[in-house]
Amino acid sequence: MTSDKTYSVEEVRAGAPADAPEELVAWVTEQANLAKPDSIYWADGSDEEWDRLTTEMVEGGTFTRLNPEKRPNCFLARSLPSDVARVESRTFICCEKEEDAGPTNHWADPAEMRATLKEKFDGVMRGRTMYVVPFSMGPLGGPISQLGIEITDSAYVVVSMRIMTRMGAAALKLIGEGKPWVPALHSVGYPLRDADGTTREEVAWPCNDDKYITHFPETNEIISYGSGYGGNALLGKKCFALRIASTMARRDGWMAEHMLILRLTEEATGKQFHVTAAFPSACGKTNLAMLQPTIPGYKVSTVGDDIAWMRPGADGRLYAINPEAGFFGVAPGTSYHTNPMAMDTMKANSIFTNVALTDDGDVWWEGIDAPLPDHLIDWLGNDYTPADAADGKKAAHPNSRFTVPAEQCPIICEDWEAPAGVPIDAILFGGRRATNVPLVAEQYDPAHGVFIGASVASEVTAAATDVKAGSLRHDPFAMLPFCGYNMADYWGHWLEMQAKLGSKFPKIYQVNWFRKDEEGHFMWPGYGDNSRVLDWIVRRAGGEVEAIDGVTGRYPKIEDFNLDGLDIDEAKWNKLFEINPAAWAAELDDTEEYFTQFGDKLPAEITAELGKFRERIAAAQA
Ligand code: O2Y
Ligand code: MN
């Protein structure tokens, strides 16, 4: 029988890098004595470490090395079918008062959750290595950046964190200098030995059917159990950079948002505009972040594709950084047609999860440029032929992912790592809406902008496994699964930030690329043609063009909007902006009902916006 090892602080200290501070060593010791790993390893983020861990994972069956001629230094992982996405139903905000989590979060009492997790973590790493992973969200040492330490028993998480964050020795050095850090504890929940010494075999994708993705916003802690996948396990991303950071941001007067950041450069003048945009999951955010304009005169460069941290600068404007260092993008549908820049980003040094494998050791997914080959290994590890496709089976999981270093993006913005961020000119809110929502609308005033964000709703796709695909779900500010506190208080925080920055706060725009005609065809070409909408927005935000007052906001005049080369005449244009007052009255009833769940936390400004919206509908009906 193998007995559990007890770790002394001195022993952990001896194995730790010299600059690990005492409080960190103490925390690691405490977690080691609970989880009982066979060994502790401090990740340094080096190439040597990457090579060693990826090789070990190839040998252990977690990774398949892709053809080095086609995809150098790239790997494929296959998860279990029970562990393919974020699990919103098992995501908890643990704060003292339930009302502080609000009606849109799963709340848990912190003491009760700690007790539950203590049991789950007792011995959970037996037979495994405990990896200690220091990381920075945002450029190392930057004024908007934050530090964290993830403890994990998954080597897949370690190498993924190396891509997605600034991970390793440099982050630890800052922690050693006394900078604050967020503790993030993770286990896949699959010990290789139990308390009485009985062992079990390692598997390619260890995880547990029972999952807990927990956040303690009052103490800035994260504890995740049972999943090895994506947002559940790479704790710098949704758990830290959104749920915990949103609560930090509220306390400290900044903003943590589920937004891409892009720079639009007017080539003739060199003038730069920066836009952030919030879309619910699976609305093509990565595509917009890497947009290739179809209209002449503009160049887009990418600052971030998923998360923005924004702070007021000394000049009173709002500045944004991308806290991440990589992209964790949805593979299916990504191609040289839809997103050539993402395709070029993933040529090397990337991890693919749950995509299909070709016979020559490359990756394949539905919607990639290459036609379906005669034979593949699908995401489940089974042979896959065109007959399977004809049966409706997918070769790649719909939520399969590429994990790629942002610096490899050919259009990465030269200032993407600017520590103080880039100044924001406009903020977009979008969703996947077949009906009602026009192509673009500008806020009437700041409170209307917050109303636009609060009333975002989108047709659901595969990422949220616990919601029926195709149905419309409210997703305020695209933050529904990511806001670490009461959503109505979050709207209040936006109103406060707007009041603080006054006229320097960026104008807000509602966009919808997904409106369909009566035959069910998309009315707007989307992709690179979304540059036309950005063109109008930056000219409008800069006061160059007028707008027409409408029911949902202010709309472009057709003559101010670049439609050159598109098959969109005035009739089609009008359809893109058509308002059906009865349909909007019904939508507003639904929005109002949605808002009632927030009770008296709902800001009065939002209630007032409902009233103004009803007046605009009545005027349109008259
Ligand atoms: O399913 C997951 O674990 C990933 S979800 C995700 C990944 C990258 C960017 N955004 C999202 C999201 O759900 O918003
Ligand atoms: Mn996202």
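Every value quoted in this text rests on a predicted model; they were computed, and no experiment measured them. (Residues numbered from 1 in each chain as written. Chains lettered and ligands numbered in written order. Predicted model: local features only at pLDDT ≥ 70, side-chain atom pairs only at ≥ 80, totals over all residues. Heavy atoms only, no water.)

## Section: the sheet that holds strand E24 (residues 401-405)
- One open sheet accounts for 5 strands, arranged E2-E3-E19-E24-E18; its pairing is mixed. Each edge of the sheet is formed by a strand with only one pairing partner; in this case those strands are strand E2 (63-65) and strand E18 (326-330). Direction aside, the axes of adjacent strands within the sheet are offset by 20 degrees on average.
- Relative to strand E3 (residues 75-77), E2 is paired through 3 bridges, and the arrangement is antiparallel. Bridge pairing in E3 links Phe63 to Ala77.
- Each of E2, E3 and strand E19 (351-353) is contacted by helix H3 (residues 47-60), which is oriented at about 105 degrees to E2, the strand it contacts most. (Pairing = 2+ DSSP bridges. Helix = DSSP H or I, 4+ residues; strand = E, 2+ residues; numbered from the N terminus. Axes fitted to C-alpha atoms, helices over the stretch in contact; angles between N-to-C directions. Contact = heavy atoms within 4.5 Å.)

## What about helix H7 (residues 169-176)?
- Of all the positions in H7, only Ala171, Leu172, Leu174 and Ile175 are classed as buried. When H7 is viewed along its axis, its buried side chains cluster within an angular range of 155 degrees and face the same direction.
- Immediately downstream of H7, the backbone of Gly178 shows phi near 105 degrees, a positive value. (Buried < 20%, exposed > 50% of the residue type's maximum accessible area, 1.4 Å probe, protein only. Arc of directions from axis to C-beta.)

## Some details on the domain arrangement of the chain
- Split into domains, the chain comes out as domain 1 (9-62 + 87-253), domain 2 (256-323 + 414-621) and domain 3 (327-408).
- Computed from C-alpha atoms alone, the centre-to-centre distance between domain 2 and domain 3 is 30 Å.
- Every contact between the two is made by 10 residues of domain 2 and, on the other side, 11 residues of domain 3.
- For the pair domain 2 and domain 3, the two sides together bury roughly 1,000 Å², of which 69% comes from carbon and sulfur.
- Joining domain 2 to domain 3, the criterion identifies 0 salt bridges.
- Our enumeration of links across domain 2 and domain 3 arrives at 2 residue pairs in polar contact (both at pLDDT 80 or more).
- Partitioned by chemical class, the residues of the side of domain 2 that touches domain 3 number 5 nonpolar, 4 polar and 1 charged. (Domains from an automatic or database assignment. Buried area = accessible area lost by both parts, 1.4 Å probe. Salt bridge = Lys/Arg side-chain N within 4 Å of Asp/Glu carboxyl O. Polar contact = N/O pair within 3.5 Å; in protein donor to acceptor, adjacent residues only side chain to side chain. Nonpolar A, V, L, I, M, F, W, Y, C, P; charged D, E, K, R; others polar.)

## Digging into unusual backbone geometry
- Backbone geometry places Lys36, a non-glycine residue, at a positive phi of 60 degrees.
- Tracing the backbone through its elements, the reader meets Lys36 in the loop between helix H2 (22-35) and strand E1 (39-42).
- A residue is classified by how much of its surface remains accessible, and Lys36, at 16% relative accessible area, is buried.
- For Asn349, which is not glycine, the phi dihedral falls at a positive 55 degrees.
- Following the sequence through the fold, Asn349 ends up in the loop between helix H11 (340-345) and E19.

## Structural notes on the sheet that holds strand E17 (residues 318-321)
- Taken in spatial order, the 4 strands line up as E12-E16-E17-E25 in an open sheet, and their pairing is antiparallel. A strand with exactly one partner marks an edge of an open sheet, and here the two such strands are strand E12 (255-257) and strand E25 (422-423).
- Running over the sheet, helix H14 (residues 487-501) touches E12, strand E16 (308-312) and E17 and is turned about 125 degrees from E12.

## Observations regarding the environment of Ala256
- With respect to the helices and strands, the residue Ala256 is situated in strand E12.
- Looking at Ala256, the relative accessible area reads 2%, which means it is buried.
- For the pair Ala256 and Ile321, spaced 65 residues apart in sequence, the C-alpha to C-alpha distance is 9.8 Å.
- If we skip the residues at most four places from it in the chain, Ala256 touches Ala241, Leu242, Ala245, Ser246, Ala249, Ala308, Trp309 and Met479.

## Considering the site of ligand 1
- Close to ligand 1 lie 14 residues; Arg86, Gly231, Ser281, Asn399 and Arg401 are nearest.
- One of the side-chain nitrogen or oxygen atoms of Lys238 is found 3.0 Å away from an oxygen atom of ligand 1.
- Here ligand 1 loses 95% of its free accessible area of 360 Å² to cover by the protein chains.
- Those elements giving two or more residues to the shell around ligand 1 turn out to be helix H8 (230-233) and helix H9 (236-252).
- In terms of residue class, the shell around ligand 1 is built from 4 nonpolar, 5 polar and 5 charged. (Near = heavy atom within 4 Å. Areas by Shrake-Rupley, 256 points an atom, 1.4 Å probe, with all protein chains shown as cover.)

## Some points on the packing of H3 against helix H6 (residues 155-164)
- Axis separation between H3 and H6 bottoms out at 10 Å; the angle between their running directions is 140 degrees. The chirality of how H3 crosses H6 is left-handed. Of the residues in H6, those in contact with Asp47, Glu49, Trp50, Leu53, Thr54 and Met57 of H3 are Ala155, Tyr156, Val158, Val159, Arg162 and Ile163.
- Here the contact of H3 with H6 is built from residues that sort into 8 nonpolar, 1 polar and 3 charged. (Left-handed = near helix turned anticlockwise from the far one by under 90°.)

## Things to note about the packing of aromatic side chains
- Tallied over the entire structure, the rule returns 35 aromatic pairs.
- Between the aromatic rings of Phe63 and Phe75, the centroid separation amounts to 5.1 Å while the plane-to-plane angle is 20 degrees, which identifies the pairing as stacked. Residue Phe63 is found in strand E2, and its partner Phe75 is found in strand E3; the two are separated by 12 residues along the sequence. Like Phe63, the residue Phe75 is buried in the burial classification.
- Taken together, a centroid distance of 6.5 Å and an interplanar angle of 55 degrees make the contact between Tyr212 and Tyr225 tilted. On the criterion of sequence distance, the pair formed by Tyr212 in strand E10 (residues 212-216) and Tyr225 in strand E11 (residues 221-225) is long-range, its members being 13 residues apart. Of the two residues, Tyr212 and Tyr225, both sit in the buried class.
- Its end group placed over the ring of Tyr190, Arg200 keeps NZ or CZ at 3.6 Å from the ring centre.
- The ring of Phe522 has Lys516 lying over it, and the distance from NZ or CZ to the ring centre is 5.0 Å. (Phe/Tyr/Trp six-rings, centres within 6.5 Å; stacked < 30°, edge-to-face > 60°. Lys NZ or Arg CZ within 6 Å of the ring centre and 35° of its normal.)

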